[in-house]
Structures are given as C-alpha cells and as structure tokens.
Amino acid sequence: MKHFEANFDGLVGPTHNYAGLSFGNVASFNNAAQASNPKAAAKQGLKKAKSLAEMGMVQGMLAPQERPDLTTLRRIGFTGTDAQVLKSAHEQAPLLLNACCSASSMWTANAATISPSADTRDKKIHFTPANLVDKLHRSIEPITTGLILQSTFSDPNHFHHHGHLPEHASFGDEGAANHTRMCAQYGESGVELFVYGQEATNPNAPRPAKFPARQTLEASRAVARLHQLNDSNTVFIQQNPDVIDQGVFHNDVIAVGNQNVLFYHEQAFVDTQNKLDEIQSKLNTESHFIEVPTNKVSINDAVKSYLFNTQVITLPSGEMAIIAPTDCQENPAVFAYLNELVTLETPIKKVFYFDVKQSMQNGGGPACLRLRVAMNQHELSAVNQHTLMNDQLFSTLNQWVDKHYRDRLTTKDLADPQLLIESRTALDELTQIMKLGSVYQFQR
Ligand SMILES: N=C(N)NCCC[C@H](NC(=O)CCC(=O)O)C(=O)O
C-alpha cells in the first residue's frame, strides 16, 4: 500500500502580532512591539503549503485558534460584556491581554506529537496535544488543539487521540518540535527520537542556565508510553544546554530528520556519538548523519537563518529536498553551506526557498509551521478531506483571508472589540469551509 508523509500547516490566525511573549526565543524578543501584517502572514503560509502540494506532497491545513481568548480572560476574573472584558484587561493587565491574543497556534510543530501506525502497538496513529506549559500564551492552546485534531482526524478505527500531559513544569511538552522520526520507508516501523531540554526530576542533570528548557525527559517518556512505543523504537536524546542558552528554544531550531537522514548541528546534542550509534543500531536501514560543523555555520547563524528549521521532504521522484526560509539565502555562510550540501553524497539534492518572514519574525520557520503525519492511503482517506490542500481550497482560503484579515496590527489594537468580531466572523466561516464542526468556545 502507498505510504507517505503528510504535512499539516497551521493557518495563521487574524490576530498575528509581535508581542515579545517568548523568553528564550531571540526573534520574538527582538521584534516585540513591531507592527505585524496578519494578511501577508496568512498568505505566505498558504503559498508554502500550496507549493508543497504542487510538488506532489500530501498537504493539509490546521485551523487557527480563537483569539482573543475571552474564555481565559473571564477565567482570570475579567467580567462584563466582551468589549468590557477586553477594555479592563487592556487597562489592568495589558501583558495578559497580549498573551490571550497571540496567533501562536500557527506553529503546528508545537500542536502535538504524532506517532504513525507503523510504530504503535495498536497499529493506529497516536496524537498527544502538547501542553506548552512553559509559555502562558501557548499553555492556553491544547484543549482547542485537541478538538481541531479530532475533527481533522476523526475516524477511531485509524486515529487514537490522547489528552495533553499534566499542566506542570515537570511535564513541559512542546510536541513535534522536540520529536522526529527516522525510518527506511514511511510505512515501515521506524525509530522515534525524543529530544528533551532537561530532566525535571533530577536536579543534578545538566540544564541551561539562562533560558528555559521547554521540553522535559519526563514528558517525552510519558508520550512514548501513551503512544505504545517501546525501547526498540525510541531514542531519548538531550539537547545541548549551551545552545538553548544561545536561542535554540526547540530542537527543531538545530536538527531535523526525514527517513534515513538526520541533519543537525555539531553542537545540537549531549553525548552525540553514543546517541547516533543507538539510532543506527535500532534502525533497519543505513543512516545519513549530516553533521554541520561550527566552523561552517555558527550557532548564531543557525539561529538567525533557521537553517535547521527547514523541512526535509522526500519528493515523489525519491530525491530529498530542503524547504528553507529566504533568510537562509540572505545569510552568506548558510547559503554557501546549502549550495555545497546539494553536491555532496547525501539524499538531499534540492533546496527551495520560501518567504515566511512574518512568521520568522516571531521565531517560526517553515518547519515550525507544519505538523508531520506519516500515513498510508487508507488512513489518508479517513482524514477530513476538506482540510487537504488543492487548487480550490487554496483559492477559497486566499479569498477568505482577503475578506477578513487586517494588513497591520500592533499590540495596541488587541483590545479593539471590532478585532474580536472580525476574528469570530472569520473563524465561524472557516469551520464551514473546512467542515470542522463547533471547535471554538464562541460556537458552543
Ligand atoms: N520551533 C518551533 N517549532 N516553533 C516556533 C514557535 C515560535 C513561538 N513564538 C511565539 O510564540 C512568539 C509570540 C510573540 O512573541 O508574539 C514560540 O516561541 O513558541
């Protein structure tokens, strides 16, 4: 049976803005308080998704979350009409209002961890929404994420949905941004790499000194248990705490895998050689470990350009390609490295560049914008077909963006009651376009 990797990109929501909410994420901090362009952001994302579909990839879209999040604002004590809630939050606690308005669900690499049916004991695809507890604005995502995933992958014969992990720092979980899977073919059992930033329950284990380590080993192990994986198809690897302190807030900022390729920076991990040996011993195919040395690409250049937040995809021809942000073209060291990479003896033969600058300015590159689901033809038939990218969905969603999105937004605009109305109107229409049912609180 045919099997492949599908990518589900996050549709950028109407409140996309720069609020400097992510301590440890250099771009988010540096661009705080700049004006954003939600319309351009959504269109950049749609263009990337459509281009991958045109390359012959299976491409889906995941709906954004409801923002401003009035449910959370009421939960923390703001009362009255919706407009009054926004006004008093703006006056009394503007930073909390910003957190409740972030369009951060666009980075669907953080939506969940997914294990394909080839790896799991019950032979179903497993989904665990990430609790994202390290950041307030992201910790309010998992319940709606679960609902959106369930309405996208609804057939219980194929899809096994779990709740998010306990909402405590010991179980900090950032989803697929700290998880990658290696395999020979997508439909064959593979090895799932869980990359964690710290061991929460072991105070003597290494951890970063300056910035938070968002993913814990305890969370990674819990997800592996829930997903019915075992020792022979998992490897747990610690991220190098020194690079977290240089702005590598997720593993997908420093490493990415696809099939038998692991593309990573020399400084990405702790105990690198032993971990590579463990991966190779558990994998039933010859691996290509493509290690990028510091003397070719510094950590600073990797963080600025997002060289590793690229998608490594297998094209229908069997060749691999890298989907990179245009920022990689603009960085001389990184551009030179990529030009050299395609000439080397590795499966990666092409690089395609995409302008996703609206997302990059908040620290989200091409790989942050997508959630990978390895699946077979039967499983794909069981997916909500209205979420799959094609000419029609592309043009419908572009028109929908043109109709509802602003082309300029600052944090000052977030209390505007009109923005709430615009967002709800847009999302209500979107649930009809994508046949999602009532996934939002305002629809319930
Ligand atoms: N690497 C992956 N997979 N995802 C990138 C997530 C970026 C996101 N930025 C933000 O949430 C910034 C929001 C703001 O500052 O307005 C984050 O830090 O969680």
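- As annotated in an unreviewed UniProt entry, the protein chain carries the name N-succinylarginine dihydrolase and is attributed to Parashewanella spongiae.
- On record in UniProt, under Pathway (unreviewed entry), the comment for the protein chain is "Amino-acid degradation; L-arginine degradation via AST pathway; L-glutamate and succinate from L-arginine: step 2/5."

Regarding the overall build of the protein chain
Phase 1: Tallying secondary structure elements over the protein chain gives 17 helices and 15 strands in all.
Phase 2: For a compact globule of 444 residues, the expected C-alpha radius of gyration is about 22 Å, and the protein chain comes in at 20 Å, within 12% of that figure.
Phase 3: Dimensions of the protein chain, computed from the C-alpha atoms along their principal axes, are close to 60 × 45 × 40 Å.
Phase 4: Across the 444 residues that make up the protein chain, the buried fraction comes to 62%.
Phase 5: Sequence-distant contacts in the protein chain: of pairs separated by 6 or more residues, those separated by 24 or more amount to 76%.
Phase 6: Of the roughly 16400 Å² that the protein chain leaves accessible, carbon and sulfur atoms contribute 50%.

Things to note about the site of the ligand
Phase 1: Close contacts around the ligand come from 23 residues, with L21, S22, H137, D252 and C368 the closest.
Phase 2: Measuring from an oxygen atom of the ligand, one finds a side-chain N or O atom of S22 at 2.7 Å.
Phase 3: Taking N110, its side chain carries an N or O atom lying 3.0 Å from a nitrogen atom of the ligand.
Phase 4: Protein coverage of the free-state accessible area of the ligand, which is 490 Å², stands at 100%.
Phase 5: Residue composition of the shell around the ligand, grouped by class: 8 nonpolar, 12 polar and 3 charged.

Description of the nonpolar core
Phase 1: Ranked by internal contacts, the top residues of the largest apolar core, which has 72 residues, are F8, M61, F153, M375, L397, W400 and L430.
Phase 2: Beyond its immediate sequence surroundings of up to four residues, W400 is in contact with L11, Y405, A426, L427, E429, L430 and I433.
Phase 3: One finds V297, A302, M320 and V334 within the second-largest nonpolar core, a separate group that totals 20 residues.

As for the environment of P293
Phase 1: Residue position: P293 is located in the loop between β11 (288–292) and α11 (299–305).
Phase 2: For P293 and A169, which are 124 residues apart along the polypeptide, the C-alpha to C-alpha distance reads 33 Å.
Phase 3: Residues within four places of P293 in sequence aside, it is in contact with H265 and E266.

Brief notes about the sheet that holds strand β2 (residues 58–62)
Phase 1: Strand order in the open sheet made by the 3 strands is β2-β1-β15, with mixed pairing throughout. A single partner strand is all that each edge strand has here, and the edge strands are β2 and β15 (370–376). Here the average twist between neighbouring strands, direction ignored, is 30°.
Phase 2: In terms of strand pairing, strand β1 (residues 3–10) meets β2 through 5 bridges, oriented parallel. Paired with F8 across the strands is G60, a residue of β2.
Phase 3: Against the sheet, helix α2 (residues 38–54) touches β1, β2 and β15, its axis set at about 155° to β2.

With respect to the UniProt feature "active site" (unreviewed entry) in the protein chain
Phase 1: In the numbering adopted here, UniProt assigns the feature "active site" (unreviewed entry) to E174, H250 and C368. Spatially, the listed residues are clustered: although they cover 195 residues, their C-alpha atoms lie within 11.1 Å of one another.
Phase 2: Structurally, E174 is set in the loop between β5 (159–161) and β6 (179–182).
Phase 3: Setting aside chain neighbours within four positions, we find E174 in contact with A109, N110, A130, L132, D134, R214, Q215 and H250.

Brief notes about unusual backbone geometry
Phase 1: The omega angle of the peptide bond from R67 to P68 is -5°, so this bond is cis rather than trans.
Phase 2: Tracing the backbone through its elements, the reader meets P68 in the loop between β2 and α3 (70–75).
Phase 3: Despite not being glycine, Q228 has its phi angle at roughly 60°, a positive value.
Phase 4: Mapping Q228 onto the fold places it in the loop between α8 (217–226) and β8 (234–238).

Concerning the packing of aromatic side chains
Phase 1: One pass over the structure, following the stated rule, counts 13 aromatic pairs.
Phase 2: Here the aromatic rings of F153 and F159 are separated by 5.4 Å at their centres, their planes lie at 75°, and the arrangement is edge-to-face. For the residue pair F153 and F159, the accessibility class agrees, reading buried in each case.
Phase 3: Grouping aromatic residues by their ring pairs yields a cluster made of F8, F127, F153 and F159.
Phase 4: Taking the ring centre of F394 as reference, the NZ or CZ of K50 above it sits at 5.1 Å.
Phase 5: Over the ring of F236 we find R221; its NZ or CZ atom is 4.2 Å from the centre of that ring.

Here we look at the state of the cysteines
Phase 1: For the coordinates displayed, the defined rule picks out 0 disulfides.
Phase 2: C100 forms no disulfide, and the closest cysteine sulfur to it belongs to C101, at a distance of 6.7 Å.
Phase 3: Owing to a relative accessible area of 3%, C100 belongs among the buried residues under this scheme.
Phase 4: The exposure class assigned to C101 is buried, which follows from its relative accessible area of 0%.

Focus: the pattern of salt bridges
Note that side chains of opposite charge can pair when their charged atoms are close.
Phase 1: Scanning the model with the defined rule gives 25 salt bridges in all.
Phase 2: Ionic pairing is found between K282 and D231, a salt bridge with its closest N-O pair at 3.6 Å. Taken as a pair, K282 in helix α10 (residues 272–282) and D231 in the loop between α8 and β8 lie far apart in primary sequence, 51 residues in all.
Phase 3: A relative accessible area of 22% means that K282 is categorised as partly exposed.
Phase 4: One salt bridge connects E429 with K403, and the closest N-O pair in it is separated by 2.9 Å. Here the residue E429 occupies a position in helix α17 (residues 417–433), and K403 occupies one in helix α16 (residues 391–404), the gap between them amounting to 26 residues.
Phase 5: The class of E429 is partly exposed, set by a relative accessible area of 24%.
Phase 6: What makes K403 exposed here is its relative accessible area of 56%.

Procedures and definitions
Along each chain, the written sequence defines residue order, and numbers are assigned to residues from 1. Local features are withheld for residues below a pLDDT of 70 in this predicted model, meaning they are given only at 70 or higher, and side-chain atom pairs are given and counted only at 80 or more; totals for whole chains, interfaces and linings count all residues. Note that water and hydrogens are dropped before the side-chain values are worked out from all heavy atoms of the structure. UniProt positions are given in the numbering used here, feature names are shortened, and annotations may be inferred rather than shown by experiment. Under the DSSP-based scheme used, a helix requires at least four consecutive residues in state H or I and a strand at least two consecutive residues in state E, with every element numbered from the N terminus. The quantity called the radius of gyration is restricted to C-alpha atoms. Its globule counterpart is 2.2 Å times the number of residues to the power 0.38. Residue exposure (1.4 Å probe, protein chains only): buried if accessible area is under 20% of the type maximum, exposed if over 50%, otherwise partly exposed. Note on contacts: a residue pair qualifies if any of its non-hydrogen atoms lie within 4.5 Å across the two residues. We get accessible surface area from the Shrake-Rupley algorithm with a probe of 1.4 Å; when it comes to residues, only the shown protein chains can shield them. Any residue with a heavy atom lying within 4 Å of a molecule or strand is counted as near it. Any pair of N or O atoms that falls within 3.5 Å is considered a polar contact. Within protein, one atom must be able to donate a hydrogen and the other to accept it, and sequence-neighbouring residues count only if both atoms are side-chain atoms. Basically, the charged four are Asp, Glu, Lys and Arg, the nonpolar ten are Ala, Val, Leu, Ile, Met, Phe, Trp, Tyr, Cys and Pro, and anything else, Gly included, counts as polar. The definition of a nonpolar core used throughout is a set of buried Ala, Val, Leu, Ile, Met, Phe, Trp, Tyr and Cys residues joined through side-chain atoms within 4.5 Å. If DSSP finds at least two bridges between two strands, the strands pair. Comment: axis = line fitted to C-alpha atoms, over the contacting stretch for helices; angle = value between 0 and 180 degrees taken between N-to-C directions. Paired rings are identified among Phe, Tyr and Trp, the last through its six-membered ring, by centres lying within 6.5 Å, and are further divided according to the angle between planes into stacked (under 30 degrees), edge-to-face (over 60) and tilted (the rest). As a reminder, the over-ring test applies to NZ of lysine and CZ of arginine, requiring each to be within 6 Å of the ring centre and within 35 degrees of the ring normal. The definition used for a disulfide is geometric: two cysteine sulfur atoms within 2.5 Å. Here, a salt bridge means any side-chain nitrogen of Lys or Arg that lies within 4 Å of a carboxyl oxygen of Asp or Glu.

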